[in-house]
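Summary of the model geometry
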Amino acid sequence: MKKTKLIISCMAALASIGASAQHRFTVDARPGGPIQPTMYGIFFEDINFGADGGLYAEMVENRSFEFPDRLMGWNAFGNVSVADEKPAFERNPHYVTLRRSGHTEKVTGLENRGFFGMGLKKGMHYDFSVYARITDLQGGTARFRVELVGSDDVPIARDTITVTNNKWQKYTATLTSNKTDAKGLMRIFLMSDQGVDLDHVSLFPEDNWHGLRTDLVKDLEDLHPGIFRFPGGCIVEGTDLATRYQWKNSVGPVENRPLNENRWNYTFPHRLYPNYYQTYGLGFYEFFLLSEKIGAEPLPILSCGLACQFQNKDNDKNAHVCLDDLQSYIDDALDLIEFANGPTTSKWGKLRADMGHPTPFNLKQIGIGNEQWGPLYPERLEKFMKQIRAKYPNIRICGSSGPSADGKDFDYGWKEMRKLNVDLVDEHYYKSPRWFFDNATRYDNYSRKGPKVFAGEYAAHGKGSRNNWEAALSEACFMTGLERNADVVYQATYAPLFAHVDGWQWKPDLIWFDNLTSVRSANWYVQMLYGTNRGTNMLKLTENGKPVTGTDGLYASAVYDKDSKSYIVKIGNASDKEQTVTLGFNNLKRPVSTAKVTLLQSSDIQAENSIANKTAIVPQTSELPVNGTNVKVILPAKSFTVYRF
Ligand code: AHR
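Residues numbered from 1 in each chain as written. Predicted model: local features only at pLDDT ≥ 70, side-chain atom pairs only at ≥ 80, totals over all residues. Heavy atoms only, no water.

Per an unreviewed UniProt entry, the protein is named non-reducing end alpha-L-arabinofuranosidase, and its organism is Segatella buccae ATCC 33574. UniProt lists a comment for the protein under the heading Catalytic activity (unreviewed entry), and it reads "Hydrolysis of terminal non-reducing alpha-L-arabinofuranoside residues in alpha-L-arabinosides." Taken directly from UniProt, the Sequence similarities (unreviewed entry) text for the protein runs: "Belongs to the glycosyl hydrolase 51 family." (UniProt positions renumbered as here; feature names shortened; annotations may be inferred.)

Have a look at this one:
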């Protein structure tokens, strides 16, 4: 039933001649100001198990036995203890010791169920690795078995590892799954009288990309993002200063990256995840590598010396660094720029090279502070700016305007950011779909002088905070306003990016996944359509001399793409009725011919994509024959269409 409707709508969008036009939009074909390559991008935060248990492909939870409850994530049986004497890794000192349990029938071992189960795929190889040594300094040989086990408790694959050394050494095995199982697990059994110490017990699917899930990397790559904001979000700030994200802990060998808590472990009492920690396996080096792979400019956000302002009082001195003690925080920012761009002879540039990337990552901008407000922020930011500007005058700096789209703190934030002359101001807004429709004009009257806008976190939150078509369509219509104002809006990133279906704390989110697969939300398709149709220059699109910002539920914008020599028109029809529009081009050098039409539509505003139904809302493409400078298009109710002429 649904399918038939979609085809009819699709054909309606195709029909160019014959319907009576009620609206006439005029596109001035003379290319205007440039659109930044960074215009549409992604916001990553380790929320909703976005990193550990998500994009980071490690399948073992608490692989280093560093969670405060050392065996959390593990079922231990027989004689298992935790120790930290002569550890393998100084910054992750705990390990387990497996010893015979007294009589031969009783086995000693460990079981790990990963993050909500381990996703096993038929035919996939899984790379197991562990650091081990025999427990007895007198010598002897220890043996243990590692197994992949299905959710029915039947072993799928196994291998045996022999440990002969009393010094820590890395051992590996490859296990192949003969079936697909979303909720598998891994078991280790001691098989010798000699005991064994184990640390950094790890399992990765063979098809990972630099430790990241390839399917999720593809979901990012296909968005064609221009900018990649990382690592957040509130986790930049920390609930207290000690738990802020410290990038230096996230580089170097993964085995020695110290664990941090994840504030999303406990932030929402109705969605507690006591097992949520940050191993930093996906750290700043992987972030820069991934930015390079997906063609996005990296945008790191660092702590400005203020712990989360939602969770602390501004007069609590423990929640912020006093101005005189800020230098180590400023050094973190300066050193990160050196890590990204510095010569391999510099301290941090050398680390980048040692990790495998001697050429610079070409970092161009940095954000100081996440979602900060009030006077504590600008006085700290100023100190960062002075030193960053002095050492790296070409690095652009993003400052924050706080957590709201308007109001006292927002106005104060903007005023201070102007005074400091930051390059970009980060705005955050999680609002209703109605707000998004109504705010397509938000930037039309923004000052063109001073800092540019970075819409650094935004998403439409409707009833039930779902990734439904209503939310996605409202974002699509709102984004025509970003596009029309690309001379002041330089970048925009939907937030958050990822959510595990079994472990989320916040919704809606752009991409949902389980341990086997992912689903692209309707909002993802909106972002993808903007990302792949960004254009290089603004064009004026008007009706009766005015921008199209909601009359009769219509929203529209246009850009020119000088690389493909295309005119791109985007139109949202938020109304309940099909509408006809005549698009007329002025100042064309030659008539346009044939448009590629991409239609995103559902007559059900509650519809959403899910793992069970990934294609409820997906783009339909077609061709529209055109000859001349005028073309009639029919827009289905509740639709968003992109025309490439
Ligand atoms: O995107 C989720 C959260 O929303 C971010 O961590 C924070 O910056 C904002 O409040």
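1. Focus on the side chain of Lys 638
Note that Lys 638 resides in the loop between strand E32 (630–635) and strand E33 (639–644). Judged by its relative accessible area of 16%, Lys 638 falls in the buried class. A polar contact of 2.6 Å, which involves the side chain of Lys 638, links it to the backbone oxygen of Ala 574. (Helix = DSSP H or I, 4+ residues; strand = E, 2+ residues; numbered from the N terminus. Buried < 20%, exposed > 50% of the residue type's maximum accessible area, 1.4 Å probe, protein only. Polar contact = N/O pair within 3.5 Å; in protein donor to acceptor, adjacent residues only side chain to side chain.)

2. Notes on the site of the ligand
The environment of the ligand is formed by Phe 43, Glu 45, Gly 233, Cys 234, Trp 264, Asn 370, Glu 371, Tyr 430, Glu 457, Pro 496 and Trp 506. Cys 234 places a main-chain nitrogen or oxygen 2.8 Å from an oxygen atom of the ligand. At 3.0 Å from an oxygen atom of the ligand is found a side-chain nitrogen or oxygen belonging to Asn 370. Considering the ligand on its own, with 280 Å² of exposed area, one finds that the protein chains cover 96% of that surface. Its residues placed into classes, the shell around the ligand shows six nonpolar, two polar and three charged. (Near = heavy atom within 4 Å. Areas by Shrake-Rupley, 256 points an atom, 1.4 Å probe, with all protein chains shown as cover. Nonpolar A, V, L, I, M, F, W, Y, C, P; charged D, E, K, R; others polar.)

3. Thoughts on the sheet that holds strand E14 (residues 227–230)
In space, the eight strands of this closed barrel follow the order E2-E14-E17-E18-E19-E20-E21-E22, with parallel pairing throughout. Pairs of neighbouring strands in the sheet enclose a mean axial angle of 25 degrees, with direction left out of account. Bridge count between strand E21 (residues 452–460) and strand E22 (residues 489–494): four bridges; the pairing is parallel. In the strand pairing of E22, Tyr 458 is matched with Tyr 494. Sheet strands in contact with helix H7 (residues 408–420) are strand E19 (396–400), strand E20 (424–431) and E21, and its direction is about 165 degrees off that of E20. Helix H10 (residues 522–532) rests against strand E2 (40–43), E21 and E22 of the sheet, and its axis sits at about 140 degrees to E2. (Pairing = 2+ DSSP bridges. Axes fitted to C-alpha atoms, helices over the stretch in contact; angles between N-to-C directions. Contact = heavy atoms within 4.5 Å.)

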